[in-house]
Amino acid sequence: MSIVLLVEQVLNGLQFGVMLFLMAAGLTLIFGVMGLINLAHGSLYMVGAFAAAATAAATGSFLLALVASLVAAAAAGALVELTVIRRLYDRDHLDQVLATFALILIFSEGTRWVFGSFPLFLEVPDYLSGSVTLPGGIEYPLYRLTMILIGLAVAAGLFALIAHTRIGIRIRAGESDREMIGALGVNIARLYTLIFALGAALAGFAGALIGAIQSVQVGMGEPVLILAFVVIVIGGIGSIKGALVGAILVGLTDTLGGFLLPRLFTLFMDASSAMTMGSALAAMSIYLLMAGVLLFRPTGLFGGP
Amino acid sequence: MRAETILNAALLAMLVAVALWAWTADEPFIITLVTKVAIFAIAGIGLNLALGLGGLVSLGHAAFFGIGGYAMGILASHAQSYTPLMEWPLLVEGTKSMPVIWLVAILAGALTALVIGALSLRTTGVYFIMITLAFGQMFYYFAISWPAYGGEDGLPIYVRNGFPGLNTLDPIQYFALCFAVMCAVLLLVARIAASPFGLALSGARQNPQRVQAVGLVPYRLFLVAFTISGAITALSGALYADLNRFVSPTMFSWQTSGEIMIFVILGGVGRLFGPVAGAALFIALEHVLGGLSEFWHIYLGALLLVVVLFARGGLIGLVAGREVAHD
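How each quantity is defined
Sequence order sets the numbering: in each chain, residues are counted from 1 along the sequence as written. Chain letters start at A and ligand numbers start at 1, both assigned in the order the entries are written. Reporting of local features is limited, given that this is a predicted model, to residues whose pLDDT is at least 70; pairs of side-chain atoms are given and counted only at 80 or more, and all residues count toward the totals for whole chains, interfaces and linings. Side-chain metrics in this entry use all non-hydrogen atoms of the structure; hydrogen atoms and water are not considered. Patch membership requires more than 30% relative accessible area and the absence of a salt bridge. Residues of like charge join within 9 Å; the nonpolar side chains Val, Leu, Ile, Met, Phe, Trp and Tyr join within 5 Å. Each accessible area value is a Shrake-Rupley result obtained with a 1.4 Å probe; residue values ignore everything except the protein chains displayed when judging cover. Salt bridge, as applied in this entry: a Lys or Arg side-chain nitrogen positioned within 4 Å of an Asp or Glu carboxyl oxygen. Each helix corresponds to a stretch of at least 4 residues labelled H or I by DSSP, and each strand to a stretch of at least 2 residues labelled E; elements are numbered beginning at the N terminus. Axes, fitted as lines to C-alpha atoms, cover a helix only where it is in contact. Angles between the N-to-C directions of the axes lie from 0 to 180 degrees. Throughout, the term roughly parallel applies to angles under 35 degrees, roughly antiparallel to angles over 145, roughly perpendicular to angles from 65 to 115, and oblique to all others. Any two residues whose heavy atoms approach within 4.5 Å at even a single point are treated as in contact. Note on classification: 1.4 Å probe, protein chains only; a residue is buried when its accessible area is under 20% of the maximum for its type, exposed when over 50%, partly exposed between these limits. When charges are tallied, Lys and Arg are placed among the positive residues and Asp and Glu among the negative ones, while His and the ends of the chain are skipped. A 3.5 Å cut-off defines polar contacts: any pair of N or O atoms within that distance qualifies, except that in protein one atom must be a possible hydrogen donor and the other a possible acceptor, and neighbouring residues in sequence count only when both atoms are side-chain atoms. Any cysteine sulfur atom paired with another within 2.5 Å is treated as part of a disulfide. With a 1 Å grid spanning the protein atoms alone, the term cavity applies to any set of points in which a 1.4 Å probe fits but cannot get out, the term pocket to an open set with protein on both sides within 12 Å along at least five of seven lines, and the term lining residue to any residue with an atom within 4 Å of a point. Grid points are joined across faces, edges and corners, and a volume is the space filled by probe spheres set on the points. Two aromatic rings, drawn from Phe, Tyr or Trp (for Trp, its six-membered ring), form a pair once their centres lie within 6.5 Å of each other, and the interplanar angle then sorts them: stacked below 30 degrees, edge-to-face above 60, tilted otherwise. Charge-over-ring placement is defined geometrically: NZ (Lys) or CZ (Arg) within 6 Å of the ring centre, and within 35 degrees of the ring normal. Note on definitions: buried area is the accessible-area loss of two parts on being combined, 1.4 Å probe, summed for both. What is meant by a nonpolar core is a set of buried Ala, Val, Leu, Ile, Met, Phe, Trp, Tyr and Cys residues, joined one to another through side-chain atoms within 4.5 Å. Pairing between strands is defined by DSSP: at least two bridges between them are needed. A helix's residues, less one, multiplied by 1.5 Å, set its expected span. Take the far helix as your reference; a near helix turned counterclockwise from it by less than a right angle gives a left-handed crossing, and one turned clockwise gives a right-handed crossing.

K.L.:
Is there a simple way to think about a nonpolar patch on the surface in this case?
P.N.:
A contiguous nonpolar patch, built from Ile 3, Val 4 and Val 7 of chain A and spanning about 230 Å² of accessible area, is present on the exposed surface. Within the secondary structure, Val 4 of chain A is located in helix H1 (residues 3–34).

Now the structure itself:
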């Protein structure tokens, strides 16, 4: 096992982690402020990816595709919030789970109806394809490196938005006391729609970025959604910082688990059963991580009591 | 008699009537559909014990459904290839006998539910939902990446397992068996709901602090309910695998968890017969809408949305009024 390969896997884990953060940030914001569990967040991720793939196919521009993913996902998010989600804020979690599960069915089948069952492809643009040489002579795909940088930039932007802007103050106020900020003259309904659309846009953006390295297809959102759940359970629901730490932890565990565990098992068993055991355990590794965190901190690393 | 009791009796009579009609009209496919209703209803009854009585919103019951399925798949595949399951420390052979398979499925489901429940019940509310979902997903990925029993492709079993005195390959006889199991499970859950344990559990759902104040431990009540719930759902998984003579990781998928929950919700949460009504409605919709359009899940989604937003008592609530049986 070479150190170069290991660094490459760490970078892959980081790239996966920041993309998970884009998903998890929206989920945790929506839960923190509105108290809503949104299973349909994965559908918004899918909407973003499809909008990007369709736009790229029509115009040939990757930048336009990214813009389209943001706009389409935000619009879909706002529409869903206005028609369905806002009726769910006062309901219990069971109703929220069911209604958003129903939204997944509608979104998935609707997308299949419009785009068909075959996966679409989103090409990485020429100026981002190929690889770069990092210090130490490590070759790494430029596009994946760009994803890491974009993800970190979005994370920084989000922290700044929440810490330093008026809208951020309102979001934080909404988290601690929604009646009070309503009484102070903030239009809560509009604030909620805005937050939901913001979370949706982040998810759609992640969908478009990942869509360029995987295929764009119906059902692509749910595996990521469930990982994002693991992330916010580990990080603590409602905490953006927790989402970032949790996302990187999950990204690294997933990637390094798949890479290291099979190699670890070859030390004391034959190659084929080591591969089997290793990959089976690697598939479970992030859930074991979650179980471990919960044993010691039932409300996650950064969650309140 | 209460409207709900009449409705429950009518539901059972309707299932039997449809099966008998299909038998005389020589429509084995319809019998299979009704058998599916009975099996899904068992899964739903299992979940309803945790969800309706205990208020535990588990989105990971596919784990138990799948474990029941794989209990059947693993035992039957060893029996079918005449290889022992393990030789050391003691010889364990596969089996094609349903009662043995059911017992293994129930025990395996209970044990898994005990472990998952012990961990997940440390949390409440939205954490609980997400964690059960994640644990379900863990089994899904494990089943996909574990090649010994078919991995991603699943595991076919060539001949349906046997039950003493019955020819299980005959659709109507297998329906009768599944229907009998469903009735037994209904009876069991009704007894549990009316027992001191059931009343304490219901109390713990409504107000854990008060239950604690009278000296009971809500965590333990919830854990026992979750364990029984997992065992029942595992049993239905074993029956389902035998119906299809096929097990695959799909049984573990989170959509399966969602569907089991839909049976409970469409029928009415906390109603004893809710899952029976819900499963019947689900299969009927799948059959009718699936014939109309390839994209029938859109209509299912829309219907579910309407039920959640406007008709919270489900089907039984709609017919029998808003009074909830277990409150």
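K.L.:
Sorry, what's going on with the packing of helix H2 (residues 28–53) of chain B against helix H7 (residues 196–206) of chain B here?
P.N.:
For any two helices packed against each other, one specifies the crossing angle of their axes together with the interaxial distance. Residue and element names in this part refer to chain B. Where H2 contacts H7, the axes come no closer than 9 Å and their chain directions differ by 50°. Taken together, H2 and H7 sit at an angle that is classed as oblique. Taken together, the residues of H7 that come into contact with H2 (itself represented by Leu 49, Gly 52 and Leu 53) are Gly 198, Leu 201, Ser 202 and Arg 205.

K.L.:
What is the right way to look at the side chain of Asp 242 of chain B in this model?
P.N.:
All names here are of chain B. Position of Asp 242 relative to the elements: it lies in helix H9 (residues 218–244). The charged side chain of Asp 242 is buried without a salt bridge, its nearest counter-charge being Arg 160 at 4.9 Å. At 3.0 Å, the side chain of Asp 242 forms a polar contact with the side chain of Asn 161. Residues within four places of Asp 242 in sequence aside, it is in contact with Met 72, Met 98, Arg 160, Asn 161 and Tyr 174.

K.L.:
Would you explain the state of the cysteines in this entry?
P.N.:
Think of a disulfide as a covalent bridge from one cysteine sulfur atom to another cysteine sulfur atom. Residues and elements named next belong to chain B. In this structure the tally under the stated criterion is zero disulfides over all chains. Free cysteine Cys 178: the closest other cysteine sulfur is in Cys 183, separated by 11 Å. Accessibility expressed as a relative area gives 0% for Cys 178, which makes it buried.

K.L.:
What's the story with empty space enclosed by the protein in this structure? I'm lost.
P.N.:
A complete count under the given rule lists two cavities of 30 Å³ or more for this structure. The space that makes up the second largest cavity amounts to roughly 30 Å³. Lining the second largest cavity are Leu 39, Val 97, Leu 98 and Phe 101 of chain A together with Leu 59, Gly 258 and Met 261 of chain B. Residue assignment for the lining of the second largest cavity shows that the elements contributing at least two residues are helix H4 (93–115) of chain A together with helix H10 (254–267) of chain B. Broken down by element, the residue count for the lining of the second largest cavity peaks at three residues, all from H4 of chain A.

K.L.:
What is the right way to read the packing of aromatic side chains from this model?
P.N.:
Aromatic ring pairs are reported here in terms of the distance separating the ring centres and the angle at which the planes meet. Residues and elements named next belong to chain B. According to the stated counting rule, one finds 19 aromatic pairs over all chains in the structure shown. Ring geometry for Phe 139 against Phe 252: centres 5.9 Å apart, planes inclined by 20°, an arrangement best described as stacked. With Phe 139 in helix H5 (residues 125–145) and Phe 252 in the loop between strand E2 (246–247) and H10, this pair connects stretches of sequence that are 113 residues apart. On the basis of relative accessible area, Phe 139 is assigned to the buried category, the value being 17%. Taken together, a centroid distance of 5.3 Å and an interplanar angle of 65° make the contact between Tyr 140 and Tyr 141 edge-to-face. Take Tyr 141: its relative accessible area is 26%, and that puts it in the partly exposed class. An aromatic cluster is built from Phe 40, Phe 65, Tyr 240, Phe 263, Phe 282 and Trp 296, whose rings are joined through pairwise contacts. The side chain of Arg 160 reaches across the aromatic face of Tyr 174, ending 4.3 Å from its centre.

K.L.:
I'm lost on the pattern of salt bridges in this one. Help?
P.N.:
Two side chains bearing opposite charge may form a pair once their charged atoms approach each other closely. Using the criterion set out here, one finds four salt bridges over all chains in the structure. Put simply, Arg 112 of chain A and Glu 109 of chain A hold a salt bridge, and the shortest N to O gap is 3.2 Å. Taken as a pair, Arg 112 of chain A and Glu 109 of chain A lie in helix H4 at a separation of three residues, close to a single helical turn. Residue class for Arg 112 of chain A comes out partly exposed when judged on its relative accessible area of 26%. With its nearest N and O atoms 2.8 Å apart, the salt bridge here joins Arg 271 of chain B to Glu 4 of chain B. Remark: Glu 4 of chain B occurs in helix H1 (residues 3–24) and Arg 271 of chain B occurs in the loop between H10 and helix H11 (274–292); sequence separation between them is 267 residues. Here Glu 4 of chain B falls in the buried class, since its relative accessible area comes to 5%.

K.L.:
Hey, could you run me through the interface of chain B and chain A in this one?
P.N.:
Interface size is often expressed as the accessible area that is lost when the parts come together. The interface is formed by 42 residues belonging to chain B together with 49 residues belonging to chain A. Buried surface at the junction of chain B and chain A, summed over both partners, amounts to about 4100 Å²; 83% is from carbon and sulfur atoms. If you sort the residues of chain B by the area they bury against chain A, Tyr 127, Met 130 and Trp 254 of chain B come out on top, with a joint share of 16%. The tally of links from chain B across to chain A stands at zero salt bridges.

K.L.:
Even after reading the chapter, I still don't get the nonpolar core, so can you show me in this structure?
P.N.:
Nonpolar side chains tend to gather and get buried jointly when the protein is soluble and globular. Among the nonpolar cores identified, the biggest contains 212 residues, and Phe 21, Met 34, Phe 229 and Met 290 of chain A together with Trp 102, Met 182 and Met 261 of chain B are the most heavily contacted of them. No other element matches the 17 residues that H2 of chain B contributes to this core. Excluding residues within four positions of it along the chain, Met 182 of chain B makes contact with Leu 12, Leu 15, Ala 38, Ala 41, Ile 42, Ile 45 and Val 276 of chain B.

K.L.:
What should I look at first to understand the pairing of strand E1 (residues 131–134) of chain A in this one?
P.N.:
All names here are of chain A. Where E1 meets strand E2 (residues 138–141), four bridges bridge the pair, whose relative direction is antiparallel. Note on E2: the bridge partner recorded for Leu 134 is Ile 138. Counting the residues that bridge the hairpin from E1 to E2 gives three residues, and of these Gly 136 lies at a positive phi of roughly 95°.

K.L.:
Sorry, what's going on with helix H3 (residues 62–83) of chain A here?
P.N.:
Residues three or four positions apart in an α-helix share a direction because the helix packs 3.6 residues into each turn. Residues and elements named next belong to chain A. Compared with the 32 Å implied by 1.5 Å per residue over 22 residues, the 31 Å span of H3 between its first and last C-alpha is a close match. Listed in full, the buried residues belonging to H3 are Phe 62, Ala 65, Leu 66, Ala 68, Ser 69, Ala 73, Ala 76, Gly 77, Ala 78, Val 80 and Glu 81. You can read the cap of H3 off the contacts: a side-chain oxygen lies 3.4 Å from the backbone nitrogen of Leu 63, and it is on Ser 61.

K.L.:
Even after reading the chapter, I still don't get the packing of H3 of chain A against helix H8 (residues 188–211) of chain A, so can you show me in this structure?
P.N.:
All names here are of chain A. Between H3 and H8, the least distance of the axes is 7 Å, while the angle of their chain directions is 140°. Relative to H8, the element H3 lies oblique. Relative to H8, the crossing made by H3 is right-handed. Contact residues: Leu 66, Ser 69, Leu 70, Ala 73, Ala 74, Gly 77, Ala 78, Glu 81 and Leu 82 in H3; Tyr 192, Thr 193, Phe 196, Ala 197, Ala 200, Ala 201, Gly 204, Phe 205, Ala 208 and Leu 209 in H8.

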